[in-house]
Amino acid sequence: MNMNEKILQFFHSHYLKNIGWLFFDRVFKLSVGLIVGLWFARYLGKELFGVWNYALAFVSIFGVVAFFGTDSIVARDLVRSPKNIYKILGTAITLRIVISVAMVLVTTLSINLLNADEQQLKPIVYILSLSFIFQSFDVFDYYFNSQVKSKYSVLAKSVALIVASVLRIILILIESDLLFFALVFNLELLISGLFTLLLFQLKEGSIFNFTFDTVYFKNMITDGLPLLFATVMLTIYMKVDQIMLGELVNNAEVGIYSAAVKISELWYFVPMAIAITISPKLINSRKVGLDNYYTSLTKLYSIMIWLSIFVGVFFSLTSDFIVNLAYGEEYKEAADILKVHIWAGLAVSVGIATSQFLLIENINWISFYRTAIGMI
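Since this is a predicted model, take the numbers as computed values, not measurements.

A. Quick look at the overall build of the chain. When helices and strands are counted, the chain shows 16 helices and 0 strands. For 376 residues, the compact-globule estimate of 2.2 N^0.38 gives 21 Å, and the chain sits close to it at 21 Å. C-alpha atoms of the chain, sized along the principal axes, occupy 55 × 45 × 40 Å. Looking at the chain residue by residue over its 376 residues, the buried ones come to 49%. In the chain, 83% of the contacts between residues at least 6 apart in sequence involve partners at least 24 apart. Carbon and sulfur atoms make up 68% of the accessible area of the chain, which amounts to about 17500 Å² in all. Of note, the chain has its 27 positive side-chain charges centred 12 Å away from the centre of its 26 negative side-chain charges.

B. Structural context of the packing of aromatic side chains. This structure, assessed with the given rule, holds 15 aromatic pairs. Ring centres of Tyr 54 and Phe 58 lie 6.5 Å apart, and the angle between their planes is 10 degrees; on these two criteria the pair is classed as stacked. Here Phe 58 and Tyr 54 lie together in helix H2 (residues 13-67), a separation of 4 residues that amounts to about one turn. Phe 58 shares its class with Tyr 54; the two are buried. Ring geometry for Phe 314 and Phe 315: centres 5.3 Å apart, planes at 90 degrees, overall edge-to-face. Of the aromatic side chains, those joined through ring pairs into one cluster are Phe 40, Tyr 43, Trp 52, Phe 181 and Phe 185.

C. Region of interest: the packing of helix H10 (residues 214-248) against helix H16 (residues 365-375). At a closest axis distance of 8 Å, the pairing of H10 and H16 adopts a crossing angle of 20 degrees. As summarised for this structure, H10 and H16 are arranged roughly parallel, according to the angle between their axes. In the packing of H10 onto H16, the handedness of the crossing is left-handed. Along its contact with H10, which presents Pro 226, Phe 229, Ala 230, Met 233, Leu 234, Ile 236 and Tyr 237, the element H16 presents Trp 365, Ser 367, Phe 368, Thr 371, Ala 372, Gly 374 and Met 375. Tallied by class, residues from the contact of H10 with H16 come to 11 nonpolar, 3 polar and no charged.

How each quantity is defined
- Residues numbered from 1 in each chain as written.
- Predicted model: local features only at pLDDT ≥ 70, side-chain atom pairs only at ≥ 80, totals over all residues.
- Heavy atoms only, no water.
- Helix = DSSP H or I, 4+ residues; strand = E, 2+ residues; numbered from the N terminus.
- Rg over C-alpha atoms; globule rule 2.2 N^0.38 Å.
- Buried < 20%, exposed > 50% of the residue type's maximum accessible area, 1.4 Å probe, protein only.
- Contact = heavy atoms within 4.5 Å.
- Areas by Shrake-Rupley, 256 points an atom, 1.4 Å probe, with all protein chains shown as cover.
- Lys, Arg positive; Asp, Glu negative; His and termini not counted.
- Charge placed at Lys NZ, Arg CZ, Asp CG, Glu CD.
- Phe/Tyr/Trp six-rings, centres within 6.5 Å; stacked < 30°, edge-to-face > 60°.
- Axes fitted to C-alpha atoms, helices over the stretch in contact; angles between N-to-C directions.
- Parallel < 35°, antiparallel > 145°, perpendicular 65-115°, else oblique.
- Left-handed = near helix turned anticlockwise from the far one by under 90°.
- Nonpolar A, V, L, I, M, F, W, Y, C, P; charged D, E, K, R; others polar.

Shown next, in the form of structure tokens:
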């Protein structure tokens, strides 16, 4: 089989359809989210927009602990052991809920210790931290992704986004307090999770067959710890800049910086969608032989690198126009930040691709060390 045939086999129509659903999900989110999100940013102004993004950054650092690296592990194990679906999902969702509740308490305590005088910020963090619990339903997303059936997850998220977007528009029109936007943030996750659960119940099996397995629970913790530490460090060095700006400068600077970062990170769904869809293919090709496996990996790396370079050049040349169009004159300083920050996408894309290799080879400890170096 020549190289072209291998590439065609790699991008089999089944996988392309799944990538198509994931792209639709993100494009739909971008279309709706950009309109509502940019309106939201203009409505708040850079000061309150900074408060909002500080809260999101603060919560996200603790939120990754609630995930406990289960996303990659559960998806991998569902492909490897399709007969153990109920044991894997039942154990995973139990682990997620328990840790999520604990992290809500830790987040609440931390914001009180670090920002005791921030009366405007603290209640927003309290509400946003509850999202950890609602995101426990993500285990159903892992299942659909592992079966290359992302359309079900996309449908659930799209319905939730539509409902939440309508509510956000209403809140802007009636000039509501920031707290209500935090409540809608959680509501979107809850609707998405419940709808995904319902689709699993109707299309795939019954949640009443879920079981908890102590041995698998221990294995998840063992396999998840390196990924957890790596993800925590990754989140810290991707989000701590906004927290540092809030502590060392002011919320307005956080608002300007966050405006640039949001544009810079808009396209990160592309490498993630490719990796999620190709992951089952890589796992199965590794079982068959190394030739196809290495060919697939090489192709994946090449796509990620060239895609990142193209995006970096495009945004570097057009950042002034894009920022002014998106946010208006108040956020004009964000353009210079965007020209630099957009190139982080190259490292992110390569990191996403190589993480697939590390996960399949079960050498997740490398992720921990490389991310620790990156954080430092």
